[in-house]
Amino acid sequence: MKKLNIGLVGYGFMGRAHSHAFRTVSKFFDAAYEPVLKAVCARDASKVKDFAAQWGWESVETDWKTLVKRKDVDLIDIASPNDTHAEIAIAAAKNGKMVFCEKPLGLNAAESEKIVKAVEKAGVPNMVWYNYRRLPAVTLAKQLVDEGKLGRIFHYRAKFLQDWTISKDLPQGGAGLWRLDVKVAGSGVTGDLLAHCIDTAMWLNGDIESVTGMTETFVKQRKHALTGKVEKVGIDDASAFLARFKNGSLATFESTRYARGHKALYTFEINGEHGSIAWDLENLHLLQYFDHRDEGATRGWRSIHITDSDHPYMKHWWVPGLQIGYEHSFIHQVADFLQGLETGKIPGPSFRDGLATDYVTDAVLSSAKSGKWVKVKQA
Ligand SMILES: NC(=O)c1ccc[n+]([C@@H]2O[C@H](COP(=O)([O-])OP(=O)(O)OC[C@H]3O[C@@H](n4cnc5c(N)ncnc54)[C@H](O)[C@@H]3O)[C@@H](O)[C@H]2O)c1
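In this report, the structure presented in the accompanying data block is examined. (Residues numbered from 1 in each chain as written. Predicted model: local features only at pLDDT ≥ 70, side-chain atom pairs only at ≥ 80, totals over all residues. Heavy atoms only, no water.)

### A short note on the overall build of the chain
Within the chain, the secondary structure is distributed over ten helices and 17 strands. Relative to the 2.2 N^0.38 estimate, which gives 21 Å for 379 residues, the radius of gyration of the chain is 21 Å and therefore close to what a compact globule would have. With respect to the principal axes defined by its C-alpha atoms, the chain has extents near 65 × 55 × 40 Å. Looking at the chain as a whole, 56% of its 379 residues qualify as buried. The long-range share in the chain, meaning contacts at least 24 apart out of those at least 6 apart in sequence, stands at 69%. Taken as a whole, the chain presents about 16800 Å² of accessible surface, with 51% of it coming from carbon and sulfur. The positive charge centre, built from 49 side chains, and the negative charge centre, built from 45, are 5 Å apart in the chain. (Helix = DSSP H or I, 4+ residues; strand = E, 2+ residues; numbered from the N terminus. Rg over C-alpha atoms; globule rule 2.2 N^0.38 Å. Buried < 20%, exposed > 50% of the residue type's maximum accessible area, 1.4 Å probe, protein only. Contact = heavy atoms within 4.5 Å. Areas by Shrake-Rupley, 256 points an atom, 1.4 Å probe, with all protein chains shown as cover. Lys, Arg positive; Asp, Glu negative; His and termini not counted. Charge placed at Lys NZ, Arg CZ, Asp CG, Glu CD.)

Below, the structure is given as structure tokens:
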């Protein structure tokens, strides 16, 4: 088996999810390449050493500039906050490395354009971690849509709801709270949560043509954890938008961190001429499917338990009836990439796909300011 040496940047939430995927993938999926946990990078030498020991990384770095130049690293995986993505990705590409990057690709589309230019100029394989595409129920939804089971699509409806920033005493900035600091995050829920919804939506239902949005920042000032000063909050706490897809269908998207009781409720529903599909992250192993052409008296919504070996990815896991979870989406993304290295067809979402999502989020934010419909730039 050929070795694929990974250099990871960041050991937080995603650093752990990615480490788990790289360690596990070859145990369940056959591929010509095996990921090797070569080096992990973060700024705190002692913490990064502990992380490396816990997860089995062979070595550590405290400066990503050194990591991207290492001859023994083939692929740089960026799992650090959004304001670090562009610089690291561009340097990695210039050094001829394959690059994985967490979402959103850049702080905004202008940054993402530069990242895309760098990887395409270098000709290096690249992927953004829009991992929800690879939950088996979501992949099955894609298959049903592509097979034409729903017929013409009329509606797409998505939301991503959380409730963890309601307290006005929560600071912004620094470890764990960088998402509230616009300089580090780029935007609030639009780039953080709606970006996931938009990526899935465009994967399932094609390009978005135009949007009109509204955003709100409910808590206007927060103490900054790094400066200790009370500073203006620059992120959007809530964001909702209407969209028109190129295929003529209409959509609504909503996201907030102020929906009391909801921790990570990502849902989507698609309505077509023959049928509908609905899915939610809290029951990620189920796909709801309605087919109008079913027999009259027993026609109704089917709740499909996505655990059979003929469901996407499931033949690699346990026996029918046993569910898998969130972390498996990351494993599947790596598995598909490894297969792509073998066949020469690198699967999406590519950085260009990530840019397409950033064009939509930029358009939503711009529309929220102007109050007008905005045409979405196409990647
Ligand atoms: N795909 C998903 O579902 C998903 C989920 C959560 C986060 N994310 C994305 O993943 C990225 C990281 O988010 P997270 O939740 O893991 O954050 P986190 O705060 O848990 O971890 C960030 C890590 O980056 C490190 N870091 C920060 N600056 C660095 C630098 N200059 N050099 C090296 N390391 C640095 C921090 O020390 C920390 O280890 C973000 O872009 C975020 O949007 C994606």
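### Overview of the sheet that holds strand 12 (residues 250-256)
Ordered by their spatial adjacency, nine strands build an open sheet running 16-15-14-13-7-12-11-8-17, and the pairing between neighbours is mixed. The open sheet terminates on both sides in strands that have one partner only, identified here as strand 16 (302-305) and strand 17 (374-375). Pairing of strand 14 (residues 275-280) with strand 15 (residues 286-291) involves four bridges; the strand directions are antiparallel. Pairing of Ile 277 across the sheet is with Tyr 289, part of strand 15. In the packing of helix 6 (residues 136-146) onto the sheet, contacts are made with strand 13 (265-272), strand 14 and strand 15, and the angle to strand 15 comes to roughly 25°. (Pairing = 2+ DSSP bridges. Axes fitted to C-alpha atoms, helices over the stretch in contact; angles between N-to-C directions.)

### Focus: the site of the ligand
Surrounding the ligand, one finds 25 residues, the nearest of these being Met 14, Asn 82, Lys 103, Asn 131 and Trp 178. Contact between the ligand and Glu 102: a nitrogen atom at 3.1 Å from a side-chain N or O atom of the residue. Against a free-state accessible area of 850 Å², the protein chains account for coverage of 88% of the ligand. Taken together, the residues of the shell around the ligand sort by class into twelve nonpolar, eight polar and five charged. (Near = heavy atom within 4 Å. Polar contact = N/O pair within 3.5 Å; in protein donor to acceptor, adjacent residues only side chain to side chain. Nonpolar A, V, L, I, M, F, W, Y, C, P; charged D, E, K, R; others polar.)

### Section: helix 4 (residues 85-94)
Within helix 4, eight of the ten residues are buried, which leaves the element mostly enclosed by the surrounding structure. Taken as a whole, helix 4 has its buried residues at His 85, Ala 86, Ile 88, Ala 89, Ile 90, Ala 91, Ala 92 and Ala 93. Summarising the contacts, the buried residues of helix 4 are in contact with strand 1 (2-9), helix 3 (64-67), strand 4 (75-78), strand 5 (98-101), helix 5 (109-122) and helix 10 (351-370). Phi for Gly 96, located one or two positions after helix 4, is positive at around 75°.

### Quick word on the pattern of salt bridges
The tally for this structure, following the rule as stated, stands at 19 salt bridges. Measuring nitrogen to oxygen at the nearest pair gives 3.3 Å for the salt bridge that ties Asp 192 to Arg 179. With Asp 192 in helix 8 (residues 189-205) and Arg 179 in the loop between strand 7 (153-161) and helix 7 (182-185), this residue pair connects regions lying 13 residues apart in the sequence. For Arg 179, a relative accessible area of 23% gives the class partly exposed. Here Lys 220 and Glu 216 are joined by a salt bridge, their closest N and O atoms 2.8 Å apart. Taking the relative accessible area as the measure of exposure, Lys 220 reaches 49% and is therefore partly exposed. (Salt bridge = Lys/Arg side-chain N within 4 Å of Asp/Glu carboxyl O.)

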